[in-house]
Structure formats: structure tokens, C-alpha cells
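An overview of the molecular structure
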Amino acid sequence: MSEQKKVIFSGMQPSGVITLGNYLGALKNWTNLQEEYNCLYCIVDMHAITVRQDPATLRKNARDLLMLYIAAGLDPEKNIIYMQSHVSAHAELAWILNCFTYMGELSRMTQFKDKSNKHSDNINVGLFAYPSLMAADILLYQTDLVPVGVDQKQHLELTRDIAIRFNNAYGETFRVPEPYISKVGAKIMSLQEPTKKMSKSDEDINATLSILDDPDTIVRKFKRAVTDSDAAVRYDELQKPGISNLMTIYSVITGMGMDQIEAEFEGKGYGDFKLKVAEAVTEELRPLQEKFKALSKDKAYIDTIIKKNAETANYLATKTLRKVQKKVGFPPVMR
Ligand code: AQP
């Protein structure tokens, strides 16, 4: 890693095939950062098991996600793309940070509240301590900037609090990360319940658009997308959340402003607009899908990337972990 460049860390859970929301809200923006920053992009499989996962599916989703990172344009020679579970320092630092995180802080996290409502039969300790593992992910690499969606801002705030608390107790140990707010990007909502965010683990397959959906499926899902009875393509998040969501998608992909979109579709019905959105999404995803297909056939190459990047991540993470272990007073390991 170049010493001069700032460090960026982010990740995604392999809790399903990633959606157009994950892509437009995060992944697409990451590809613009690789020249200017030292970037680490993790596949956070340890976070994913805070909700029950089928082992074979999790294994496949994790590998697919790594290939999707590359297919979307992340160069595995320039970015450290790796599996969280391959770097045991994440779990080791998370334990230490758990001892510097208060129950009250974790209880206030809205993601915990949402997910424990959704999975009331499995409110496990991991789900509760998710933010301290996320803090470990970030702090291990002396991260400067974390690209986060609005939904993750609260977790980043907590990471900063934990880092400051630790630094105050033991002296400068962690760099305190800042949020990276991207110029483009947006929160993409469910196609069936447009007041809820699009989530890869949504059980309603018509609510989400997977970035591996084929063109026919894309058209079908947009045709079925919930809108309103007003039939005017006009941006109004509160009164017209469904059409506003489709406009956001169209705008992020084409770069057109809402005014321009409204003008283009003036007097045209929702049917025309939905087809145009489907077309834009299909074209946006086509190169990514082709690259993903090609990568899927190159097992040896992907295996090498996984191994090499895990080694680099391990090297960097261990440096911070050893420092922290020493500061808290763990006896040195005899070699
Ligand atoms: N709907 C969305 N619109 C824009 N950005 C989104 N992100 C997630 N959903 C949207 C961003 O994607 C990144 C990776 O998220 P994650 O996999 O760590 O977990 P998540 O936010 O919980 O994503 P999902 O799809 O909702 O997963 P599940 O269903 O497993 O909970 C983050 O940067 C997030 O902001």
C-alpha cells in the first residue's frame, strides 16, 4: 500500500446476491476510488451469520460477491479484496473492542432494533455486537475514510467513539475514521414497498432486483413495480415514493437530473417510463454480468486472488492487532 494515499475500508455481507441498491448505493462508487486511495473491500461473511445462513449458499454467495466486486470494476491488484473470515484479527480485535463498548450504545442501534424485529426467533449476541465487529473491521487497517450509506452512519459514529475511547485510555493507537460521502449514489427502495429500502435478503423476489437478473426478469420486475394512480412522472418522495424511486434509479444511471427526466416523460404514461428504466438498468448491468460469467469459469484465477489478498490483509491487520494486544497488557507470545 502506498504510504501517501489515504486508506478506505468498506464491505458487503454475502447474505444473498447483491441488489441494484447495493450496486448503485455502494459498489459502483467504490470503483471510482481505486486510483486515489488505498482501498480494502471486504466480504463480511462473519457479519452475515448474525442471521441464519445455509452453509453451502453462504460459501457460494461469498465467492460470487468477490467475483462481482471484480466484475463491477474493482481491480484486485489495486484493491485488497478479501474474505473477513480469512483474517482472524477481525474476531480478535472485535473481542477487545467489545470490552470498550457499552450495552447502552449497542441497544440504541437502529439496525439492531430492525433486525431483531425481523428475526425475533434469533436475537443472538452476534447481532447485538455487530457494530463492535464492524469497528474492528475498520480500525484494524488504520482507515481514514469509510464510504457508508445513510443506514450505516450510526455504526460509523460508534466506531469513532470506540476509537477515541481507546486512544484516550492507552494513547494514540487507532486512526479515527471519517465518513466518505460520495457525490453520486442514492438509497434505492423496494420495488414492492417503496418506503422500505431494497434489501438482498427480502423474501419477496419482486421487491428486489438482483444484479445478476436477466433482461426479461428486469423488464418484468419494473413492469410490476408499485407506483401510484396519478400517472405523471414527477419526483415527490412523500406522495409518490414508487415513481420517485424509479426516477432515482434512472437518474443515477443516466446522470440526468429529476427536471430533465420529468421533461422527457411529460405526457407519457408509467408504462413507457418503466420500460426505459428497465432498458437503462439492463445496459448498465450487461458488461458486469458478462465479466462475472467469464470469471466464474476461471477458478484458478479467483483462488489466487482470494489467497493473495487474504495474505496482504492479514499482514496489515496483524500489525494493528499486536499493537492493541500490547497496550491492553496481554503477555507477549514467546517465539
Ligand atoms: N437499498 C440500498 N440503497 C443504497 N445502498 C444500499 N446498501 C444496502 N442497501 C442499499 C449499501 O450496500 C452496502 C452493503 O450493505 P451490506 O451488505 O453490508 O448490508 P445491508 O446494508 O444490510 O444490505 P442489505 O442488502 O439490506 O442486506 P441484508 O438484506 O442482508 O440486510 C452498504 O454500504 C449499504 O449502505
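Residues take numbers from 1 onward in each chain, read along the sequence in its written order. With the structure being a predicted model, the display of local features is reserved for residues of pLDDT at least 70 and the display and counting of side-chain atom pairs for 80 or more, all residues being used for whole-chain, interface and lining totals. Only hydrogens and water are set aside; all other atoms, that is, all heavy atoms of the structure, feed into the side-chain values.

**Some details on helix α8 (residues 130–139)**
Throughout, exposure labels follow a simple rule: accessible area from a 1.4 Å probe, protein chains only, divided by the maximum for the residue type, with under 20% read as buried, over 50% as exposed, and the rest as partly exposed. Helix and strand definitions follow DSSP, with helices as H or I runs of at least four residues and strands as E runs of at least two, each counted in order from the N terminus. Most of α8 sits out of view: 10 of its 10 residues are buried. The set of residues buried in α8 consists of Tyr130, Pro131, Ser132, Leu133, Met134, Ala135, Ala136, Asp137, Ile138 and Leu139.

**Re the pairing of strand β1 (residues 7–12)**
Buried residues dominate β1, accounting for five of its six residues. With its strands directed away from the observer, a crossover is right-handed exactly when the path from the first strand over the helix to the second travels clockwise. Since β1 and strand β2 (residues 38–43) lie parallel, the crossover through helix α1 (residues 20–30) that links them has a hand, and here it is right-handed.

**Some details on the domain arrangement of the chain**
For the domains described, the bounds stem from an automatic or database domain assignment. On domain assignment, one finds that the chain holds domain 1 (7–181 + 299–328) and domain 2 (215–293). A straight line from the C-alpha centre of domain 1 to that of domain 2 covers 31 Å. A contact between two residues is defined here by any heavy atoms of the two lying within 4.5 Å. Tallying the contact residues gives 10 residues for domain 1 and 10 residues for domain 2. Using a 1.4 Å probe, buried area is obtained as the accessible area two parts lose upon being combined, added over both of them. When domain 1 packs against domain 2, close to 890 Å² is buried across both sides, 78% of that on carbon and sulfur atoms.

**Re empty space enclosed by the protein**
Definitions used for this entry: grid spacing 1 Å over protein atoms alone; cavity, a set of points where a 1.4 Å probe fits but cannot get out; pocket, an open set with protein on both sides within 12 Å along at least 5 of 7 lines; lining residue, one with an atom within 4 Å of a point. Grid points are joined across faces, edges and corners, and a volume is the space filled by probe spheres set on the points. In this structure the tally under the stated criterion is two cavities of 30 Å³ or more. The wall of the largest cavity is formed by Gln13, Pro14, Gly16, Val17, Ile18, Asn61, Asp64, Leu65 and Leu68. Charged residues are taken to be Asp, Glu, Lys and Arg, nonpolar residues to be Ala, Val, Leu, Ile, Met, Phe, Trp, Tyr, Cys and Pro, and polar residues to be all remaining types, Gly included. Residues belonging to the lining of the largest cavity are distributed by class as follows: five nonpolar, three polar and one charged. Here the second largest cavity is characterised by a volume of approximately 40 Å³. Around the second largest cavity, the lining residues are Met109, Gln111, Phe112, Leu127, Tyr130, Pro131 and His155.

**Focus on the side chain of Asp45**
If you trace the backbone, Asp45 turns up in helix α2 (residues 45–48). Under the convention used here, Asp and Glu are negative, Lys and Arg are positive, and both His and the chain ends fall outside the count. By definition, a salt bridge exists where a carboxyl oxygen of Asp or Glu is found within 4 Å of a side-chain nitrogen of Lys or Arg. Comment: no salt bridge for buried Asp45; closest opposite-charge side chain is Arg59, at 9.5 Å. Residues within four places of Asp45 in sequence aside, it is in contact with Pro14, Met83, Gln84 and Ser85.

**With respect to the site of the ligand**
Any residue with a heavy atom positioned within 4 Å of a molecule or strand is treated as near that molecule or strand. Near the ligand, the surroundings consist of 20 residues, among which Ser15, Ile188, Ser199, Lys200 and Ser201 are the closest. Pairs of N or O atoms are called polar contacts if they sit within 3.5 Å, as long as, within protein, a hydrogen donor faces a hydrogen acceptor (for residues adjacent in sequence, only side-chain-to-side-chain pairs). In the model, a nitrogen atom of the ligand is placed 3.0 Å from a nitrogen or oxygen of the Met198 main chain. Here Ser201 contributes a side-chain N or O atom positioned 2.4 Å from an oxygen atom of the ligand. In isolation the ligand exposes 660 Å². Once the protein is present, 94% of that is buried. Breaking the shell around the ligand down by element, the ones donating at least two residues are β1 and α1. Top contributing element to the shell around the ligand by residue count: α1, with four residues. Computed with a 1.4 Å probe, the accessible areas rest on the Shrake-Rupley method; for each residue, only the protein chains presented here act as cover.

**Details of the layout of surface pockets**
To find leftover empty space, a probe the size of one water molecule is rolled over the atoms. If you add up the space inside the second largest pocket, you get close to 370 Å³. The wall of the second largest pocket is formed by 16 residues, among which Met1, Glu3, Gln142, Leu316 and Lys319 lie closest to the centre. Take the lining of the second largest pocket: its biggest share by element is four residues, from helix α14 (residues 299–328). Each residue belonging to the lining of the second largest pocket can be placed in one class, and the counts come to five nonpolar, four polar and seven charged.

**Things to note about the side chain of Thr282**
Locating Thr282 in the fold gives a position in helix α13 (residues 270–296). For Thr282, a relative accessible area of 11% puts it in the buried group. Polar contacts involving the side chain of Thr282 include one to the main-chain carbonyl oxygen of Ala278, which spans 2.7 Å. If near-sequence neighbours (up to four positions away) are discounted, Thr282 is found in contact with Pro215 and Ile218.

**As for helix α9 (residues 153–170)**
Here α9 contains 18 residues, and its C-alpha end-to-end distance of 26 Å stays within 8% of the 26 Å for a straight helix at 1.5 Å per residue. Taken together, the buried positions of α9 are His155, Leu156, Leu158, Thr159, Arg160, Ile162, Ala163, Phe166 and Asn167. Following α9 by one or two positions, Gly171 adopts a phi angle in the positive range, close to 90°. Helix span is expected to be 1.5 Å times the residue number reduced by one.

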